[in-house]
Amino acid sequence: MRCLGHFVVLAALFTLWANVPAPAQDMNRARRTIATLASSAFHGRGYVKQGEHKAAAYLRKRFADLGLQQLAPDYTQSFSLPINTFPGHAALRVDELSLRAGEDFIAEPGSGPAKLEGAVFTLDTLIFTQEAAQQQLLATNLRAHSLVLRQPDVARLSKLPAAVQEHLASAASRITLVQGKLTASLANQQLAQPQVQVLASKWPSAAKTIRLRLDAVFQPAYQTQNLVGYLPGRVHPDSFLVVTAHYDHLGMLGHRAYFPGANDNASGTAMLLELAAHFAQPANRPACSLVFIAFGAEEAGLLGSQYFVEHPLVPLPSIRFLLNLDLLGTGQEGATVVNGRVFEAQYQLLTQLNAAGHYLPSLAARGRAANSDHYHFSERGVPAFFLYTRGTPTFYHDVQDRAATLPLTGFAGAFGLLRDFLRTLDTPGK
Ligand SMILES: [Zn+2]
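Throughout this description, residue numbers start from 1 for each chain and increase along the sequence as written. At least 70 in pLDDT is required for a residue's local features to be given in this predicted model, at least 80 for side-chain atom pairs to be given and counted, and no such filter applies to totals for whole chains, interfaces and linings, which use all residues. Side-chain metrics rest on all non-hydrogen atoms present in the structure, leaving aside hydrogens and water.

Going by the annotation in an unreviewed UniProt entry, the name recorded for the chain is Peptidase family M28, with Hymenobacter gelipurpurascens given as the source organism.

Draft legend 1. Quick look at the overall build of the chain. A tally of regular secondary structure across the chain gives eleven helices and 19 strands. The principal-axis extent of the C-alpha atoms belonging to the chain is close to 100 × 50 × 40 Å. Looking at the chain as a whole, 55% of its 430 residues qualify as buried. Taking contacts inside the chain between residues at least 6 apart in sequence as the whole, the part at least 24 apart equals 84%. Split by element, the accessible area of the chain, about 18600 Å² in all, is 55% carbon and sulfur. Runs of H or I in DSSP of at least four residues are treated as helices and runs of E of at least two as strands, each being numbered from the N terminus. Relative accessible area decides the class of each residue, using a 1.4 Å probe on protein chains only: under 20% of the type maximum gives buried, over 50% gives exposed, and in between gives partly exposed. We call two residues in contact whenever any of their non-hydrogen atoms come within 4.5 Å of each other. Only the protein chains shown count as cover for residues, and the accessible areas themselves come from Shrake-Rupley with a 1.4 Å probe.

Draft legend 2. Structural view of the UniProt feature "domain: Peptidase M28" (unreviewed entry) in the chain. Sequence positions flagged by UniProt for "domain: Peptidase M28" (unreviewed entry) are, in local numbering, residues 226-409. Overall, residues 226-409 shows 25% helix and 27% strand. The separation of its end C-alpha atoms is 28 Å. UniProt positions are given in the numbering used here, feature names are shortened, and annotations may be inferred rather than shown by experiment.

Draft legend 3. Region of the structure containing the environment of Pro161. Looking at the secondary structure, you find Pro161 in the loop between helix 5 (151-157) and helix 6 (162-169). Accessibility expressed as a relative area gives 39% for Pro161, which makes it partly exposed. With 31 residues separating them along the chain, Pro161 and Ala192 place their C-alpha atoms 20 Å apart.

Draft legend 4. Broad picture of the sheet that holds strand 4 (residues 97-99). At least two DSSP bridges between two strands are required for those strands to pair. Strand order in this open sheet of eight strands is 4-3-10-6-7-8-9-5, and the pairing throughout is mixed. Each end of this open sheet is capped by a strand with a single partner; those strands are strand 4 and strand 5 (105-107). In this sheet, neighbouring strand axes are inclined to one another by 30° on average, regardless of whether the strands run parallel or antiparallel. Both strand 6 (residues 114-122) and strand 10 (residues 209-214) contribute to a ladder of six bridges, which runs antiparallel. Considered in strand 10, the bridge of Glu117 is made with Arg211. Every axis in this analysis is a line fitted to C-alpha atoms, fitted for helices over the stretch in contact. Angles between the N-to-C directions lie between 0 and 180 degrees.

Draft legend 5. Geometry of the nonpolar core. What makes a nonpolar core is a set of buried Ala, Val, Leu, Ile, Met, Phe, Trp, Tyr and Cys residues whose side-chain atoms join them at distances within 4.5 Å. Residues Leu275, Phe292 and Leu325 are the most contacted members of the largest nonpolar core, which totals 56 residues. In terms of residues, this core owes the most to one element, helix 7 (residues 262-280), which gives ten residues. Ignoring anything within four residues of it in the chain, the contact list for Leu325 reads Val243, Thr244, Ala245, His246, Asn265, Gly268, Met271, Leu272, Leu275, Leu387 and Leu418. Grouped together as the second largest cluster of nonpolar side chains are 42 residues, Leu99, Val148, Leu214 and Ala297 included.

Draft legend 6. Structural detail: the coordination of the zinc ion. Only Asp264 (OD), Glu299 (OE), Glu299 (OE) and His397 (NE2) from the protein reach the zinc ion as donors, at distances of 1.9 to 2.5 Å. Metal-centred angles of 56 to 145° between the four donor atoms at the zinc ion mark the site as irregular. Water is not part of the atom set, so a site may look incomplete; the donors themselves are N, O and S atoms within 2.8 Å of the metal, or 3.2 Å for Na, K and Ca. Binding-site remark: the zinc ion is held by donors from one chain whose sequence spacing is D-x34-E-x97-H. Of the two residues, Asp264 is situated in helix 7 and Glu299 in the loop between strand 15 (288-295) and helix 8 (303-310); the sequence distance between them amounts to 35 residues. Each member of the pair Asp264 and Glu299 is classed as buried. In short, tetrahedral needs four donors with all angles between 85 and 135 degrees, square planar needs four and octahedral six donors with opposite donors over 155 degrees apart and all other angles between 65 and 115, and whatever is left is irregular.

Draft legend 7. Representation of unusual backbone geometry within the structure. Of note, the bond from Asp264 into Asn265 is cis; its omega dihedral lies within 30 degrees of zero at 0°. For Asn265, the position within the fold is in helix 7. We note that His358 has phi near 50°; this positive angle belongs to a residue other than glycine. Within the secondary structure, His358 is located in the loop between helix 9 (344-357) and strand 18 (363-365). Judged by relative accessible area, which is 70%, His358 ranks as exposed.

Draft legend 8. Structural detail: the pattern of salt bridges. Between Lys or Arg on one side and Asp or Glu on the other, a salt bridge is scored when a side-chain nitrogen of the former is within 4 Å of a carboxyl oxygen of the latter. Enumeration over the complete set of coordinates arrives at twelve salt bridges. The partner of Asp74 in a salt bridge is Arg60, and the shortest N-O contact between them spans 3.9 Å. Here the residue Asp74 occupies a position in the loop between strand 1 (69-70) and strand 2 (76-85), and Arg60 occupies one in helix 3 (residues 51-65), the gap between them amounting to 14 residues. Look at Asp74 and you get partly exposed, because its relative accessible area is 47%.

This is the structure:
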């Protein structure tokens, strides 16, 4: 009896276990996703060494393994963009000091190529206030000189007379000294002048000469892609809930330095995959169709999401709600919801679910902002949130945004919250 009793209990437990969906989200799997996407094998998921194509191939396989259906062949919506890249040499020497690409200096996004050696010319800030200083500058031949200025003065350049601006642009290169941290970005065009940013703390105060080698290559029509998979709705297949996250990042600077983009946005991509894994399970299949879009070219100017809204694979008016995930790697201070002040009913639901589930320590609402892929959707009338976590570390668009230092403090909480949110919006009648 006793043994049998045990067996019955065990069998009952097993049946119970077998019917309960797998654990909410798999933190180890999420960490592996982030570490993979942020690894050197993906070259910063940009436009050097096929980085974004490698990331796309990895995500196609993940979509297929989850059993997501295709809204486009091979989950792929292709488009092209103009982009400036730094695929070759990136070396800067100041007098006898070699600066490290990515750590000590970065290229300005639109920098032209450089292979130069020459004297340094430090900008006299009197040119912003005195015409005599401007005249003196105009009388100086800058073509053999590299112009050095401090970052706050860059914005003031555009207020100078056109002739002075043109003269400054004739310098062999422009070097901007930055206090604090270096923050990289991308540009859709290339300037003639080579331009770099250097950490002010690394710049020798009596610098005389520099040697700069920067292979900048402009690609007028680089082909990249969005990846789109979906789970057809059981009850309302023509009504859509959409989860989005951009998988691209900034790529490389020279042969060695790459921008891992662990927080931005391997973390959001991992969350998208965890939500897909949850809703793909038979017990959790949604009533509405659930679309998952991994956008390309977000860092190049929200271009993937812009292309999608211009060439939608589902009718935009049929989207009940869109949830965009970007920067989900911290969370000690909770999360911020862009458009939380715009779509108040949905934001109220989100805060109720957060309180009920004790998911994140706090939520904050913001208004509209063109700072991620939700933007083009909500501007076209699609209700959408962009959720990001707040906390430390604050690495952003730099070579330090690595998987190893990403705490993922709010990841499990955000997963629970977003799962409940989607589940509630999916409930017929909502
Ligand atoms: Zn970014």
